[in-house]
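So the chains spell out like this:
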Amino acid sequence: MMPIFQLTLHQLIRRRRYIIVLFVALLPVLLSLFYSLADGSGRPSIDQFHDAITARLLIAVVLPIAALLLSTATLGDEVEDQTLVYLVLKPIARWRIVLPKLLATVIGVAVPVSLSGIISSLLITNGDLATSLVTAAGIAVGAAAYCTVFTWGGLVSRQAIIFGLAYVFLWEVSITELFSGLRFLSIRQFTLGVIQGLDDDRLRLTEAGNIDLELVPALIGAAVIVALFGWLTERRLRLMDIP
């Protein structure tokens, strides 16, 4: 499995999409830098700005976009390029293909977005490392869930990016905010729930921080998503006709 992991990670980093991911991940850092350099008299409080950057930008925009751009290409590009056949012809179980590809994708997404979250938090809070690491932990959980869902999407449809954008910006940002009961079906809410569960003082001063999930339910929800869509990806790969 290690060769598949290394090859996938190398392919992801070398794609042009990764430049977009790095650029998007840089935006919270730049905004946080401007905030740290601004005159304190006219700027929001540290808690308000920190919550806004985390919930409305990092978790609501940067993380899902990064996961969508990279995950849909993990298996989807190989289907489109007709190179997936070289993997599936090998006499190995399909989960031994899916697992290292998912791990490589999660790392490829989680590392730049988590670093963005850590640096942004350090700039805003004047070096509060514990708070920064809480942000990174939530991002890692969210990255695992998003990447698993979008990897499956890239395998079943060539329009996975369109469907993924619809899920993120219609379902997670709009519908689940209108109907609070649906937040239990939102990866974004799982991610925010982990952050707030690890730090009770976080995400209290933003509308996006109206969280219904505690730490354990959020972790369970994310784990169910990873297990379910990981299995669906393995099943799809096992049953599909590959040219």
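Just above sits the structure.
Predicted, not measured: the structure shown is a model, and the values here were computed from it.

Caption draft 1: Highlighting the side chain of Ser121. Within the secondary structure, Ser121 is located in helix H6 (residues 95-125). Not counting the four nearest positions on each side in its chain, Ser121 is found in contact with His50, Asn126, Ser132 and Thr135.

Caption draft 2: Expanded view of a nonpolar patch on the surface. Taken together, Phe23, Leu26, Leu27, Leu30, Leu31, Leu33, Phe34 and Leu37 make up a surface patch of nonpolar side chains, about 750 Å² in accessible area. By secondary structure assignment, the location of Leu31 is in helix H2 (residues 17-37). On the accessibility criterion, Leu31 (40% relative accessible area) is partly exposed.

Caption draft 3: Looking closely at the packing of aromatic side chains. Applying the stated rule across the entire model yields three aromatic pairs. A ring pair is formed by Tyr35 and Phe49, whose centres lie 4.2 Å apart and whose planes are at 5 degrees; its orientation type is stacked. Placement of Tyr35 in helix H2 and of Phe49 in helix H3 (residues 46-74) is noted, with a sequence separation of 14 residues between them. The exposure class of Tyr35 is buried, given its relative accessible area of 6%. Residue Phe49 is classed as buried on the basis of its relative accessible area, which comes to 16%. Judged by centre distance (5.3 Å) and plane angle (70 degrees), the ring pair of Trp152 and Phe229 falls under edge-to-face. Of this pair, Trp152 sits in helix H7 (residues 129-156) while Phe229 is found in helix H10 (residues 215-239), placing the two residues 77 residues apart along the sequence. Residue classification places Trp152 among the partly exposed residues on the basis of a relative accessible area of 27%. For Phe229, a relative accessible area of 16% gives the class buried.

Caption draft 4: Structural detail: the pattern of salt bridges. One pass over the full model with this rule turns up two salt bridges. One salt bridge in this structure joins Arg202 and Asp51, with 3.8 Å as the shortest N-O distance. One end of the pair, Arg202, is in the loop between helix H9 (187-198) and H10; the other, Asp51, is in helix H3, and 151 residues separate them in sequence. Between Arg238 and Glu234 there is a salt bridge; the shortest N-O distance is 3.0 Å.

Definitions and cut-offs
Residues numbered from 1 in each chain as written. Predicted model: local features only at pLDDT ≥ 70, side-chain atom pairs only at ≥ 80, totals over all residues. Heavy atoms only, no water. Helix = DSSP H or I, 4+ residues; strand = E, 2+ residues; numbered from the N terminus. Contact = heavy atoms within 4.5 Å. Patch = residues over 30% accessible without salt bridge, like charges linked within 9 Å, V, L, I, M, F, W, Y side chains within 5 Å. Areas by Shrake-Rupley, 256 points an atom, 1.4 Å probe, with all protein chains shown as cover. Salt bridge = Lys/Arg side-chain N within 4 Å of Asp/Glu carboxyl O. Buried < 20%, exposed > 50% of the residue type's maximum accessible area, 1.4 Å probe, protein only. Phe/Tyr/Trp six-rings, centres within 6.5 Å; stacked < 30°, edge-to-face > 60°.

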